Amino acid sequence: TLPFDVDAVRADFPILETEVDGHPLVYLDSAATSQKPRAVLDAERDFLERANSAVHRGAHTLAAEATELFEDARVTVAEFVGAEPEQLVWTSGATAGLNLVAGSLGYAGRLREGDEIVVTEAEHHANLIPWQELAARTGARLRHIPVLHDGTLDMRAAADLIGARTKVVAFPHVSNVLGIVNPVAKLVTLARGVGALTVLDACQSAPHLALDLPASGVDLAVFSGHKIHGPYGIGALWGRDEVLESLPPFTTGGSMITTVTLDEAEYLPPPQRFEAGTQPVSQAVALAAAVRWLGEHDVDAARAHEAELEKRMREGLRSIAGIRLLGDTDAAERVALQAFEVEGVHAHDVGQFLDARGVAVRVGHHCAQPLHRRFGMTASVRASAAIHTTEAEVDTFLDAVAGVRGFFGVDA
Ligand code: PMP
């Protein structure tokens, strides 16, 4: 493990040398997609240059090498979340993983009229619409745990909502708008008490928190590679052995079978049962490089660095007049991700104003329309940091935000 040195970390990211309109890039949009260190870019290219070929097939040397690298990547990424390789299903990303789970439960006839699916008011659409579809097709009822004014979940309502009819409880580990770490253990206890399946959306926690999915108590979890400094087009679904074994495949085709006749097919056990078709092999290999790269840093020191950034960002925003924060609480653990509104200025205008100063933030509803509606907004500005973000960058961002209302003439 290296001592934590943000300058050394930054040197691994070629893109951080970019200038925007003569300003050094201040990339505060890692929650949308993260930047890739050289080790990840090299791993993908190296695989394609030296080992590229179809996995799990073919008697030739390259095929064996590619298969080994692909399956080694599964071991590495499984370890990253505290799991066994057999419990890790490659997907194209979190969205695909959540559709797989909802679709498979539907195929299995595990939900009926009168059953209930519980989500939160703070879902990314990827952990909402698949459940809406499942509910619509099965007659199940979709319910939600409300978000309180400070951005935390209404756990009293959760205890009332989760009951004998509840079959699934799906929730984000960290909301991509609020940055608040949700009480996983409490939700798991409520769900387990009624025999409901738990599905964790770990997209926004995986880049920042050490994950031990088996110990977390959830049954299934998803995350995306591109948010943890890995490539696009790769992610994973993790599941407990017995849970994965109980699910039928959602996508079918090649590479997931033992015997096929013209009338029927027998399937391989998990994880292959869920991996029909040609897999994103070079991306899996590069994702393994990403988690190895993350693992080279002192996790506690990196977490402490990000906690400092979080504090600086939130306190700095709080001290600027006319800023309204979403999820402004000290009562919960948080990641360095903050959404806000500048009163009187449209989020898109704020985004353009910041961009002209080299500061890249996200504007819009961040695929969480119901949550914005809950706060009486249609759009917000979101700044999200990563392991490579510096305090000076946060200050550049804060200085720029402080100039927004004056520029747009809404100070008076
Ligand atoms: N859930 C959360 C909390 C997210 O932040 C995202 C990405 N914005 C997703 C799900 C969907 O991830 P992907 O688009 O990589 O499938």
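The structure under discussion appears in the preceding block.
These figures come from a predicted structure and were not determined experimentally.

How each quantity is defined
Residues numbered from 1 in each chain as written. Predicted model: local features only at pLDDT ≥ 70, side-chain atom pairs only at ≥ 80, totals over all residues. Heavy atoms only, no water. Near = heavy atom within 4 Å. Polar contact = N/O pair within 3.5 Å; in protein donor to acceptor, adjacent residues only side chain to side chain. Areas by Shrake-Rupley, 256 points an atom, 1.4 Å probe, with all protein chains shown as cover. Nonpolar A, V, L, I, M, F, W, Y, C, P; charged D, E, K, R; others polar. Axes fitted to C-alpha atoms, helices over the stretch in contact; angles between N-to-C directions. Helix = DSSP H or I, 4+ residues; strand = E, 2+ residues; numbered from the N terminus. Parallel < 35°, antiparallel > 145°, perpendicular 65-115°, else oblique. Left-handed = near helix turned anticlockwise from the far one by under 90°. Contact = heavy atoms within 4.5 Å. Salt bridge = Lys/Arg side-chain N within 4 Å of Asp/Glu carboxyl O. Buried < 20%, exposed > 50% of the residue type's maximum accessible area, 1.4 Å probe, protein only. Pairing = 2+ DSSP bridges. Phe/Tyr/Trp six-rings, centres within 6.5 Å; stacked < 30°, edge-to-face > 60°. Lys NZ or Arg CZ within 6 Å of the ring centre and 35° of its normal.

J.: I keep staring at the site of the ligand and nothing clicks. Help me out?
T.: All residues in the neighbourhood of the ligand are listed as Ala94, Thr95, His124, Ala126, Asn176, Asp201, Cys203, Gln204, Ser224, His226 and Lys227. Within the contact set of the ligand, an oxygen atom lies 2.6 Å away from a side-chain nitrogen or oxygen of Ser224. Expressed as a share of its isolated accessible area of 400 Å², the protein-covered part of the ligand is 85%. For the shell around the ligand, a count of residues per class yields 3 nonpolar, 6 polar and 2 charged.

J.: What am I meant to see in the packing of helix H11 (residues 299–318) against helix H14 (residues 391–402) here?
T.: When two helices pack together, their arrangement is given by the angle between their axes and by how far apart the axes lie. Running from N to C, H11 and H14 cross one another at 15 degrees; their axes reach a closest spacing of 10 Å. Comparing the axis directions of H11 and H14 gives the class roughly parallel. Considering the relative orientation of H11 and H14, their crossing is right-handed. Between H11 and H14, the contacting residues are Glu308, Leu309, Arg312, Met313, Gly316 and Leu317 on the first element and Glu391, Val394, Asp395, Phe397, Leu398 and Val401 on the second. Here the residues of the contact of H11 with H14 sort into 7 nonpolar, 1 polar and 4 charged.

J.: I keep staring at the pattern of salt bridges and nothing clicks. Help me out?
T.: Proximity of charged atoms lets side chains of opposite charge pair with each other. Here the structure, examined in full by the defined rule, presents 21 salt bridges. Its salt-bridge partner being Arg382, residue Asp29 comes within 3.8 Å of it at the nearest N-O pair. Here Asp29, found in the loop between strand S3 (26–27) and helix H2 (38–50), pairs with Arg382, found in strand S17 (residues 380–384); they are 353 residues apart in sequence, far enough to count as distant. For the pair Asp29 and Arg382, one class covers both residues: buried. The salt bridge partner of Arg141 is Glu116, with a shortest N-O separation of 3.6 Å. Taken together, the positions of Arg141 in strand S6 (residues 141–145) and Glu116 in strand S5 (residues 116–120) put the pair 25 residues apart, joining distant regions of the chain. Assessed through its relative accessible area of 46%, Arg141 is described here as partly exposed. Residue Glu116 is classed as buried on the basis of its relative accessible area, which comes to 6%. Put simply, Glu310, Arg314, Arg318, Asp328, Asp330 and Arg334 are held in one network by salt bridges that share partners.

J.: Explain the sheet that holds S6 to me, please; I cannot follow it from the model alone.
T.: Strands belonging to one sheet form pairs held by backbone hydrogen bonds; the direction of such a pair is parallel or antiparallel. Strand order in this open sheet of 7 strands is S4-S10-S9-S8-S7-S5-S6, and the pairing throughout is mixed. The open sheet has two free edges, formed respectively by strand S4 (88–91) and S6, since each of these has just one partner strand. Neighbouring strand axes in the sheet, compared pairwise and without regard to direction, differ in orientation by 20 degrees on average. Summarising the sheet, S4 and strand S10 (residues 235–239) pair through 4 bridges and their orientation is antiparallel. Across the sheet, the residue bridging to Leu88 is Trp238, located in S10. The sheet strands contacting helix H5 (residues 129–138) are S5, S6, strand S7 (166–172) and strand S8 (197–201), and the helix crosses S5 at an angle near 160 degrees.

J.: I tried to follow unusual backbone geometry on my own but got confused; where do I start?
T.: Glycine aside, negative phi is the norm for most residues, and most peptide bonds take the trans geometry. For the bond from Pro270 to Pro271, the omega torsion is 5 degrees, close enough to zero to count as cis. You can see Pro271 is positioned in the loop between strand S12 (265–267) and helix H10 (281–295). Within the chain, His229 stands out as a residue other than glycine whose phi angle is a positive 70 degrees. If you trace the backbone, His229 turns up in the loop between strand S9 (220–224) and S10. Positive phi values are uncommon outside glycine, yet Ser255 reaches one of about 70 degrees.

J.: Whenever I open this one, the packing of aromatic side chains confuses me. Can you help?
T.: Two measures describe an aromatic ring pair: the distance that separates the ring centres and the angle between the ring planes. Taken as a whole, this structure holds 7 aromatic pairs when the rule is applied. With a centroid separation of 5.0 Å and 55 degrees between ring planes, the pair formed by Phe353 and Phe407 is classed as tilted. Pair noted here: Phe353 is in helix H12 (residues 347–355) and Phe407 is in helix H15 (residues 404–407), with a separation of 54 residues, a long-range link. Relative accessible area serves as the criterion here: at 55%, Phe407 is assigned to the exposed category. Of the aromatic side chains, those joined through ring pairs into one cluster are Phe353, Phe407 and Phe408. Seen from the ring of Phe407, Arg357 lies directly overhead, with NZ or CZ sitting 5.9 Å from the centre. It is Arg374 that lies over the ring of Phe375; its NZ or CZ is 4.6 Å from the centre.

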